[in-house]
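# Topology and contacts: notes
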Amino acid sequence: QYNDELRIDHNFIKRLNSLEIPSMREILFQSMFAAVDTKYETEDGKLKTLMSTYGYCSPRFFHYNWYRSAVTGERVPQFNEGDVLITSDISNKVYGKGVDPRGFVIHSQVEGQPLLRISDVIETSDHLNDSFSGIFIVSSLPHEHYSSPGMSIELAPGATAAQLQKELSQAMPEYYFTYRI
């Protein structure tokens, strides 16, 4: 890491989201932030405890990266703010294979969100480089302690990377933006 390297953080993404950047569709991210014992309600109303990692993801992160639903087998859709996703390994450990946990409740350790209702199950086994496992809350902002050396931005339909770079440089001239395709 270089001394002049910018770390993308919660406040940077918050500022970027507040700007009118026509060529930007969405900032894509997923971030993990805490692993704690978590209680899951089962079909019979009992609670099952499992050490689980919590994270946030942008509404289109899993869709953009071609993840499938472990329930339907289809590519996941764009999710809505506040939707709750769990990875397939957690679903299998808590509920067993073949059980559809959508609608089931998680007794959460996230401040201000004591009960989370499962919206979908993300199949991660298709993505060999992905070793993450957890509960994701869909949000346009990552956790306040989020820090990353880079970010991905989905282009708006018809926009180019060069156009995005120009718009970002004009909106935030104190930063130097580069891109990879």
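Everything discussed here concerns the structure shown above.
Throughout what follows, the structure given in this document is the object of discussion. (Residues numbered from 1 in each chain as written. Predicted model: local features only at pLDDT ≥ 70, side-chain atom pairs only at ≥ 80, totals over all residues. Heavy atoms only, no water.)

## Points about the overall build of the chain
Secondary structure summary: the chain contains four helices and eleven strands in total. Its C-alpha atoms put the chain at 55 × 30 × 25 Å along the principal axes. Out of the 181 residues belonging to the chain, those deemed buried represent 41%. The contacts of the chain with a sequence gap of at least 6 include a subset with a gap of at least 24, amounting to 69%. Carbon and sulfur atoms make up 47% of the accessible area of the chain, which totals about 10,400 Å². Here the chain contributes 16 positively and 23 negatively charged side chains, and the mean placements of these two sets differ by 3 Å. (Helix = DSSP H or I, 4+ residues; strand = E, 2+ residues; numbered from the N terminus. Buried < 20%, exposed > 50% of the residue type's maximum accessible area, 1.4 Å probe, protein only. Contact = heavy atoms within 4.5 Å. Areas by Shrake-Rupley, 256 points an atom, 1.4 Å probe, with all protein chains shown as cover. Lys, Arg positive; Asp, Glu negative; His and termini not counted. Charge placed at Lys NZ, Arg CZ, Asp CG, Glu CD.)

## A closer look at the nonpolar core
Within the largest apolar cluster, 30 residues are counted, with the highest numbers of intra-cluster contacts made by Leu16, Ile86, Ile106 and Ile135. Elements with a minimum of two residues in this core: helix H1 (10-18), strand S2 (24-28), strand S4 (47-57), strand S6 (84-87), helix H3 (88-95), strand S8 (115-123), strand S9 (135-138) and helix H4 (161-171). If we ignore the near neighbours within four places in the chain, the residues touching Ile86 are Ser91, Tyr95, Pro101, Ile106, Ile118, Asp120, Val121, Ile122, Gly134 and Ile135. One finds Val76, Phe79, Ile122 and Phe136 within the second-largest nonpolar core, a separate group that totals twelve residues. (Core = buried A, V, L, I, M, F, W, Y, C linked by side-chain atoms within 4.5 Å.)

## So, H3
Within H3 the residues assigned to the buried category are Ser88, Ile90, Ser91, Val94 and Tyr95. In an axial view of H3, the angular spread of the buried residues amounts to 155 degrees, which keeps them on one side of the axis. Buried positions along H3 lie against strand S3 (30-41), S4, S6, strand S7 (105-107), S8 and S9. (Arc of directions from axis to C-beta.)

## Section: the packing of aromatic side chains
Inspection of every chain in the model, using the stated rule, returns eight aromatic pairs. Taking the centre distance of 6.4 Å and the plane angle of 85 degrees together, the rings of Tyr40 and Tyr95 count as edge-to-face. Separated by 55 residues along the polypeptide, Tyr40 in strand S3 and Tyr95 in helix H3 bring together distant segments of the chain. By the burial criterion, Tyr40 is buried, and Tyr95 matches it. Measuring from ring centre to ring centre gives 5.3 Å for Phe62 and Phe136, while their planes differ by 75 degrees; the resulting arrangement is edge-to-face. Taken together, the positions of Phe62 in helix H2 (residues 61-64) and Phe136 in strand S9 put the pair 74 residues apart, joining distant regions of the chain. Phe136 carries the same exposure label as Phe62, and that label is buried. Grouped by ring-pair contacts, the aromatic residues Phe61, Phe62, Tyr67 and Phe136 constitute a single cluster. Seen from the ring of Trp66, Arg75 lies directly overhead, with NZ or CZ sitting 3.4 Å from the centre. (Phe/Tyr/Trp six-rings, centres within 6.5 Å; stacked < 30°, edge-to-face > 60°. Lys NZ or Arg CZ within 6 Å of the ring centre and 35° of its normal.)

## What about H4?
When we look at burial in H4, the residues that qualify are Ala161, Leu164, Glu167 and Leu168. Down the axis of H4, the buried set is contained in an arc of 125 degrees. They therefore lie on one face. Across H4 from its buried face, at more than 90 degrees, point the exposed residues Lys166 and Gln170. Among the structural elements, H1, S2 and strand S11 (152-155) are those in contact with the buried residues of H4.

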